[in-house]
Amino acid sequence: MQKISIDLTISADEWLKIYRGSARTVSATSRDGRRIQFPANILQQYVTHFGISGSFDIYFDDQGKFSSIIKTA
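Note that residues are indexed from 1 along each chain, following the sequence as it is written. The model is predicted, so local features are restricted to residues of pLDDT at least 70 and side-chain atom pairs to those at 80 or more, both for listing and for counting; the totals for chains, interfaces and linings are taken over all residues. Think of the side-chain values as coming from all heavy atoms in the structure, minus any hydrogens and water.

**Some details on the sheet that holds strand S4 (residues 51-60)**
Now for step 1: By the convention used here, strands pair only if DSSP detects at least 2 bridges between them. By the criteria applied, helices consist of DSSP H or I runs no shorter than four residues and strands consist of E runs no shorter than two, each listed in order from the N terminus. Strands sit in the order S1-S4-S5 across an open sheet of three strands; the sheet is antiparallel. Unpaired on one side and paired on the other, strand S1 (2-11) and strand S5 (66-72) mark the two borders of the sheet. The average undirected angle you get between the axes of adjacent strands in this sheet is 30 degrees.
Now for step 2: Bridge count for S1 against S4 is 10 bridges, and the pairing is antiparallel. Bridge pairing links Ile 10 to Ile 52 in S4.
Now for step 3: Whether two residues are in contact is decided by their heavy atoms: any pair within 4.5 Å suffices. Here an axis means a line fitted to C-alpha atoms, over the contact stretch when the element is a helix, while the angle between two N-to-C directions is reported on a 0 to 180 degree scale. Here helix H1 (residues 12-19) sits on the sheet and contacts S1 and S4; the angle it forms with S1, its principal contact strand, is near 110 degrees.

**Considering the pattern of salt bridges**
Now for step 1: We define a salt bridge as a contact between a side-chain nitrogen of Lys or Arg and a carboxyl oxygen of Asp or Glu at a distance within 4 Å. Taken as a whole and judged by the stated rule, the model has four salt bridges.
Now for step 2: Asp 57 is the partner of Lys 3 in a salt bridge, and the nearest nitrogen-oxygen pair spans 3.9 Å. Here Asp 57 lies in strand S4 and Lys 3 lies in strand S1, a separation of 54 residues in the sequence.
Now for step 3: A salt bridge links Lys 17 to Glu 14, with the shortest nitrogen-to-oxygen separation between them at 3.2 Å. Placement of the pair is Lys 17 and Glu 14 together in helix H1, with a separation of three residues, close to one helical turn.
Now for step 4: Three labels apply to residues, based on accessible area from a 1.4 Å probe with only protein chains included: buried if under 20% of the type maximum, exposed if over 50%, partly exposed otherwise in between. For Lys 17, a relative accessible area of 45% puts it in the partly exposed group.
Now for step 5: Accessibility expressed as a relative area gives 39% for Glu 14, which makes it partly exposed.

Listed below in structure tokens is the structure:
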């Protein structure tokens with residue numbers, strides 16, 4: 001299992017574009033400098049009226065497939 005830690009801030013307006021389907025993936029730079037892309041829908045549970053903001057740990061299995069995402073402190 002691999003873990004990638006990221007810090008994200010996505011405004012409500014930007015999230016609306018994702019929600020409406022004009023974007024399906026999110027690109028981010030991990031804390032260790034890696035550029036990653038992942039399906040936007042994995043963030044759905046963390047959306048607020050202000051969008052998405054916080055630190056997240058994304059877990060992938062040994063084949064590189066998404067396993068889970070957890071919002072951290």
